[in-house]
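Inside the fold
Residues per chain are reported as follows:
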Amino acid sequence: MAGNFGNAEAERRAGWRHTGQGGSRRCPVLRKRQPRTGGSRGGRNGPGTAGASITPNSPLPSYATDLVVCVALGCDMFDCVFPTRTARFGSALVPWGSLQLKNQQFAKDFRPIDADCGCPTCQRYSRAYLHALLRSNTAALHLLTLHNIAYQMKLMGSIRDSIVQQRFPEFVREFMDTMYGGRGGPPAWAREALESVGITLA
């Protein structure tokens, strides 16, 4: 399998350093994404959006991208409120980014959030229904939370399967193509981080 994932050599090449706090580590590539422009309470770039040198034309990295890149750099455990917090803003996570279901464009969209998602929300409710529900009922936030957690779990399961099948680099390329196709390609920080462990993107 191309690249070395989760071993000391890969960490050294990527520039990891131990912080001395329970063996936790920080990567200089990911530190380039600071400072946060939206903050954990949200802002003009959305809830908890992080990015460096963001311009109106910059494709904002998603947290799904963070997970994929960090796995490549050797991380195997994550703890994040993003799937639930972003649901409270009416945002549904999808393989190509996110859907802001409060927007009027979804008022007559009777498709599920993601036709390939097997979560209860996608199996039972349409984007239009959730759009209407978001206006007056907190149940919509619970339904979006179910979907977002299911999305995150499916993503991590796919990552794990690709590693077991020794096709992780191919998975990364497919993920990035789906997430950023037509949007100028993956952000520079993600390319640089992946190249440090031998994964090159088209």
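We now turn to the structure provided with this report. Note that the structure is predicted; figures quoted are calculated from it, not measured. (Residues numbered from 1 in each chain as written. Predicted model: local features only at pLDDT ≥ 70, side-chain atom pairs only at ≥ 80, totals over all residues. Heavy atoms only, no water.)

**A few points about unusual backbone geometry**
In this structure, Gln166 is a non-glycine residue whose phi angle is positive, near 60°. Checked against the element boundaries, Gln166 lands in the loop between helix 7 (139-164) and helix 8 (168-180). (Helix = DSSP H or I, 4+ residues; strand = E, 2+ residues; numbered from the N terminus.)

**Quick word on the packing of aromatic side chains**
Under the defined criterion, the tally for this structure stands at 4 aromatic pairs. Plain terms: the ring middles of Phe168 and Phe171 are 6.5 Å apart, the flat faces sit at 20° to each other, and that makes the pair stacked. With Phe168 and Phe171 both in helix 8 and 3 residues apart, this pair spans about one turn of that helix. For Phe171, a relative accessible area of 10% gives the class buried. Among the aromatic side chains, those forming a connected cluster through ring pairs are Phe168, Phe171 and Phe175. (Phe/Tyr/Trp six-rings, centres within 6.5 Å; stacked < 30°, edge-to-face > 60°. Buried < 20%, exposed > 50% of the residue type's maximum accessible area, 1.4 Å probe, protein only.)

**Examining the pattern of salt bridges**
Applying the stated criterion to the full structure yields 3 salt bridges. One salt bridge in this structure joins Arg111 and Asp109, with 2.8 Å as the shortest N-O distance. Residue classification places Asp109 among the buried positions, given a relative accessible area of 10%. Between Arg127 and Asp109 there is a salt bridge whose closest N-O contact spans 3.0 Å. On the criterion of sequence distance, the pair formed by Arg127 in helix 6 (residues 127-134) and Asp109 in the loop between strand 4 (97-100) and helix 5 (120-124) is long-range, its members being 18 residues apart. By the burial criterion, Arg127 is buried, and Asp109 matches it. Connected through salt bridges with shared partners, the residues Asp109, Arg111 and Arg127 form a single ionic network. (Salt bridge = Lys/Arg side-chain N within 4 Å of Asp/Glu carboxyl O.)

**Describing helix 6**
Judged by how many residues are buried, helix 6 sits mostly within the fold: 6 of 8 residues are covered. Those residues of helix 6 that sit buried are Arg127, Ala128, Leu130, His131, Leu133 and Leu134. At its buried positions, helix 6 is contacted by strand 4, helix 5 and helix 7. (Contact = heavy atoms within 4.5 Å.)

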